[in-house]
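# Coordinate analysis (summary)
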Amino acid sequence: MARSTLGRFSRAARGWNPFAVSRAIDRVDDLRQATRELTRSIDVLRTRTDQLAAIEQSDWELQDALDALPSTLDTERVRAHVTKAIDQARLELDPFPHLLVESWLPTDVYKLMVNGLPPAIFFAEREVSRQRLSVPFRLAPRYSRRVWQMVTREIVSSIAGPLLNEKFKEPVRDYVHALCPDLPAHVDLNMRTSNGHIMLRRPGYVIAPHRDPKWGFLSCLVYLVRPGDNESYGTQLYRVKNDVEAPSFTPYYVEDSRCELVKAVPFRANTMLVFLNSVGAHGASIPADAQPASLERYLYQFRLGLENEAKDTFLAHMTDEGRARWKSEDGDKGY
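Quantities reported herein were computed from a predicted structural model and do not represent experimental measurements.

Definitions and limits used
- Residues numbered from 1 in each chain as written.
- Predicted model: local features only at pLDDT ≥ 70, side-chain atom pairs only at ≥ 80, totals over all residues.
- Heavy atoms only, no water.
- 1 Å grid on protein atoms, 1.4 Å probe; cavity = no way out; pocket = protein on both sides within 12 Å on 5 of 7 lines; lining within 4 Å.
- Points joined across faces, edges and corners; volume = space filled by probe spheres on them.
- Helix = DSSP H or I, 4+ residues; strand = E, 2+ residues; numbered from the N terminus.
- Expected span 1.5 Å × (residues − 1).
- Bend = angle between axes of the 7 residues up to and from the residue.
- Core = buried A, V, L, I, M, F, W, Y, C linked by side-chain atoms within 4.5 Å.
- Buried < 20%, exposed > 50% of the residue type's maximum accessible area, 1.4 Å probe, protein only.
- Pairing = 2+ DSSP bridges.
- Phe/Tyr/Trp six-rings, centres within 6.5 Å; stacked < 30°, edge-to-face > 60°.
- Lys NZ or Arg CZ within 6 Å of the ring centre and 35° of its normal.

## Some remarks on the layout of surface pockets
A volume near 510 Å³ is recorded for the largest pocket. Considering the residues around the largest pocket, the lining is formed by 28 residues, among which M199, R201, Y205, I207 and H210 are closest to the centre.

## Regarding helix α6 (residues 142-167)
With 26 residues, α6 should cover 38 Å at 1.5 Å per step; its first-to-last C-alpha distance of 35 Å lies within 8% of that length. Where α6 bends most, at V156, the angle is about 45°.

## Section: the nonpolar core
Counting 78 residues, the largest nonpolar core has W148 and Y300 as its most contacted members. Top element by residues in this core is α6. It accounts for ten residues. With seven residues, the next largest nonpolar core counts V240, V254, C259 and A281 among its residues.

## Quick word on the pairing of strand β7 (residues 235-240)
It is a general feature of regular strands that their side chains alternate between the two faces of the sheet. Most of β7 sits out of view: five of its six residues are buried. Note that β7 and strand β9 (residues 259-265) share six bridges and pair antiparallel. For R239, the partnering residue across the bridge sits in β9 and is E260. Where β7 and strand β11 (residues 281-285) come together, three bridges link them in antiparallel fashion. Residue pairing in the sheet places Y238 in a bridge with A281 of β11.

## A short note on the packing of aromatic side chains
All told, the structure shown has twelve aromatic pairs when counted by the stated rule. Look at F96 and F275: their rings are 5.6 Å apart centre to centre, the planes differ by 50°, and that puts the pair in the tilted class. One end of the pair, F96, is in the loop between α4 (75-88) and β1 (98-102); the other, F275, is in strand β10 (residues 271-276), with 179 residues separating them in the sequence. Relative accessible area serves as the criterion here: at 2%, F96 is assigned to the buried category. When its relative accessible area of 1% is taken as the criterion, F275 is described as buried. Relative to Y298, the ring of F123 has its centre 5.6 Å away and its plane inclined at 65°; by these criteria the two rings are edge-to-face. With F123 in the loop between α5 (107-115) and β2 (131-134) and Y298 in strand β12 (residues 297-306), this pair connects stretches of sequence that are 175 residues apart. According to the relative accessible area criterion, Y298 is buried, its value standing at 3%. Cluster of aromatic residues (ring-pair linked, three or more members): Y175, W215, F217, F314 and W326. It is K311 that lies over the ring of W215; its NZ or CZ is 5.0 Å from the centre.

Everything listed is a geometric property; what it means functionally is a separate question.
Given below as structure tokens:
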């Protein structure tokens, strides 16, 4: 009896060979991973199919509007309008140098920007909480591509960039020389513009108080307000207690307990918020229960930063400790 029982235990032990079990588990894990990758591939394919369908529909529906688009904007009219708007905007210093430019574009040009927003499906390749599209678009309806090509080329780079350089000339100079007192006076601190990206935000979106990546000296937020949108859920500007320089060139998040709200900028049509990314913090949020549940907020963000030659000179005249806060681990300059 005992010998028979021992035999059964022995056979069971051989059946549960740990190496065999381990191999079986590995095969199950491999199958799960393959299933996840297949699911992701199917999701990407489904999204791409929906995008192509949206392009075909939009191109058909907006063909007349596309034909009516000018090949180029009336640049001098736009320049005169934007120049006046930025000149009249008051540069405020608390909690950091910033200005809110009201009616910054001619109304018809601003409407072009809003009407040229790609359908929401084109933002679907990123997680819901951080959806955005780089401008110019790699894939979008022809109307959207044409409009936003004009925006970046003829407004942001040629008009807004030079005007904002002049408006923030003294705050930028003071900021740079505070960080690098030995910087030669002759260094050209004129900044170039990035093409930027359009951000889509929905209920439940939260970005805690933070500063943007350090090489983007000026951050510019254009509120893209569609018909029916209200002014809720704009941008909050904070003063920071015991403020210090950001420890690296990456975004710097600040504890809520150190932040004191100074201003809530509304989500208002045809306005542009511009601020020096130096001290303090900014943030934004949309409550998870915001109504309607389909609520969407679109913003266009672009930045201004130093040219590469000025970057190199800036770094060369900093202390080793200061320089380390502006460079990545492999020595590249982030932007």
